[in-house]
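Structural characterization, general
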Amino acid sequence: AQTVTQSQPEMSVQEAETVTLSCTYDTSESDYYLFWYKQPPSRQMILVIRQEAYKQQNATENRFSVNFQKAAKSFSLKISDSQLGDAAMYFCTSGGTSYGKLTFGQGTILTVHP
Amino acid sequence: EAGVAQSPRYKIIEKRQSVAFWCNPISGHATLYWYQQILGQGPKLLIQFQNNGVVDDSQLPKDRFSAERLKGVDSTLKIQPAKLEDSAVYLCASSLDLVNEQFFGPGTRLTVL
């Protein structure tokens, strides 16, 4: 069984500033993946970043990076140099490698102020 | 590369009516997922197919929901009869296999009156 918890229903950031979204998870899988997905208003879900649990190195994709603490079961997303287009609902998800099912957190609405 | 296609984009029905949603995954993707996303919540998996076989349907309300994936490509999700609490966005996603990124379609927004 997997659970994903996002404790921040809403976050806001000024354009060009940095913001961190929090996520904790629990899983019975020995091998799993963690993802952050972004869902802009009325637009479809897209992948932001992916982390394989067996990798110690934190994933980075341009302005997006994660802080993966496996022992603490924590997986936060840092957005640097925030842009207006980053405004969206962000979902933290986990998936086991055995069957691919994704478990989603409740989401964090990110507002970017100009 | 064409993305995941879904139709219709919007549907309004009255309770106790039937409705069907269609999904065309990305070509070559073996795994197909249907999620239900209630407003303000994260998506919840309803059913997962690997080719044309069901991998997980543990959260599918089987008394009213059904899904099929003929020939391991397109899929349809049906609700019969619909209830008010079925109002949600129904998302289809596909992936190359069980461990790769899932690509999502635009979703079908269902309103049950």
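This section reports on the structure supplied with the text.

Thresholds applied
Residues numbered from 1 in each chain as written. Chains lettered and ligands numbered in written order. Predicted model: local features only at pLDDT ≥ 70, side-chain atom pairs only at ≥ 80, totals over all residues. Heavy atoms only, no water. Helix = DSSP H or I, 4+ residues; strand = E, 2+ residues; numbered from the N terminus. Rg over C-alpha atoms; globule rule 2.2 N^0.38 Å. Buried < 20%, exposed > 50% of the residue type's maximum accessible area, 1.4 Å probe, protein only. Contact = heavy atoms within 4.5 Å. Areas by Shrake-Rupley, 256 points an atom, 1.4 Å probe, with all protein chains shown as cover. Pairing = 2+ DSSP bridges. Axes fitted to C-alpha atoms, helices over the stretch in contact; angles between N-to-C directions. Buried area = accessible area lost by both parts, 1.4 Å probe. Salt bridge = Lys/Arg side-chain N within 4 Å of Asp/Glu carboxyl O. Polar contact = N/O pair within 3.5 Å; in protein donor to acceptor, adjacent residues only side chain to side chain. Nonpolar A, V, L, I, M, F, W, Y, C, P; charged D, E, K, R; others polar. Disulfide = S-S within 2.5 Å. Core = buried A, V, L, I, M, F, W, Y, C linked by side-chain atoms within 4.5 Å.

**Some points on the overall build of chain B**
A tally of helices and strands in chain B yields zero helices and eleven strands. Reading the helices (α) and strands (β) of chain B from amino to carboxyl end gives β-β-β-β-β-β-β-β-β-β-β. Radius of gyration (C-alpha) of chain B: 13 Å, near the 13 Å computed for a compact globule of 113 residues. The C-alpha extent of chain B, read off along each of the three principal axes, is 35 × 25 × 25 Å. Relative to its 113 residues, chain B shows a buried fraction of 44%. Counting only contacts in chain B whose residues sit at least 6 apart along the sequence, the fraction spanning at least 24 positions is 53%. If you sum the accessible surface of chain B, you get close to 5,500 Å²; carbon and sulfur atoms cover 51% of it.

**Topic: the sheet that holds strand 7 (residues 65-68) of chain B**
Within a sheet, neighbouring strands are paired by backbone hydrogen bonds and run either parallel or antiparallel to one another. Residues and elements named next belong to chain B. Strand order in this open sheet of four strands is 1-3-8-7, and the pairing throughout is antiparallel. Only two strands of the sheet have a single partner each, and these edge strands are strand 1 (5-7) and strand 7. Along the sheet, successive strands turn relative to each other by an average axial angle of 15°, direction set aside. Note: strand 1 against strand 3 (residues 19-24), three bridges, orientation antiparallel. Opposite glutamine 6, over in strand 3, you have cysteine 23 as the bridge partner.

**Focus: the interface of chain B and chain A**
On the side of chain A, 18 residues touch chain B, which itself brings 22 residues to the contact. A combined buried area of about 1,600 Å² lies between chain B and chain A, and 52% of that area is made up of carbon and sulfur atoms. The interface formed by chain B and chain A contains zero salt bridges. In this structure, the connection of chain B to chain A is made through three residue pairs in polar contact (both at pLDDT 80 or more). Elements with a contribution of two residues or more to the side of chain B that touches chain A: strand 4 (31-37), strand 5 (44-50) and strand 6 (53-56) of chain B. It is strand 4 of chain B that contributes the most residues to the side of chain B that touches chain A, three residues altogether. Taken together, the residues of the side of chain B that touches chain A break down into ten nonpolar, ten polar and two charged.

**Quick notes on the state of the cysteines**
Residues and elements named next belong to chain A. Applying the stated rule across the entire model yields two disulfides over all chains. One disulfide in the model links cysteine 23 with cysteine 92; its S-S distance is 2.0 Å. Where cysteine 23 bonds to cysteine 92 through sulfur, the torsion about that S-S bond is close to -70°, and the disulfide is left-handed. One end of the pair, cysteine 23, is in the loop between strand 3 (19-21) and strand 4 (24-27); the other, cysteine 92, is in strand 10 (residues 88-96), with 69 residues separating them in the sequence. You'll find cysteine 23 and cysteine 92 in the same group, each marked buried.

**A word on unusual backbone geometry**
The peptide bond linking serine 7 of chain B to proline 8 of chain B adopts the cis configuration, its omega dihedral lying at -10°. With respect to the helices, strands and loops of the structure, proline 8 of chain B is situated in the loop between strand 1 and strand 2 (10-13). Here the residue pair glutamine 80 of chain B and proline 81 of chain B is connected by a cis peptide bond, since its omega of -5° sits within 30 degrees of zero. Residue position: proline 81 of chain B is located in the loop between strand 8 (75-79) and strand 9 (88-95). Notably, lysine 73 of chain A is not glycine yet its phi reads approximately 55°, a positive angle. Of note, the phi angle at lysine 71 of chain B is positive, near 60°, even though the residue is not glycine. Mapping lysine 71 of chain B onto the fold places it in the loop between strand 7 and strand 8.

**Thoughts on the nonpolar core**
Within the largest apolar cluster, 24 residues are counted, with the highest numbers of intra-cluster contacts made by Trp36, Phe75, Leu77 and Tyr90 of chain A. Among the elements of the structure, strand 3, strand 5 (32-39), strand 6 (46-52), strand 8 (64-69), strand 9 (74-79), strand 10 and strand 12 (108-113) of chain A are those that each provide at least two residues to this core. In contact with leucine 77 of chain A, other than residues within four places in its own chain, are Val19, Thr20, Leu21, Trp36, Val48, Ile49, Phe64, Ser65, Val66 and Tyr90 of chain A. Counting 21 residues, the second-largest nonpolar core is a separate cluster that includes Val4, Leu32, Leu60 and Ile79 of chain B.

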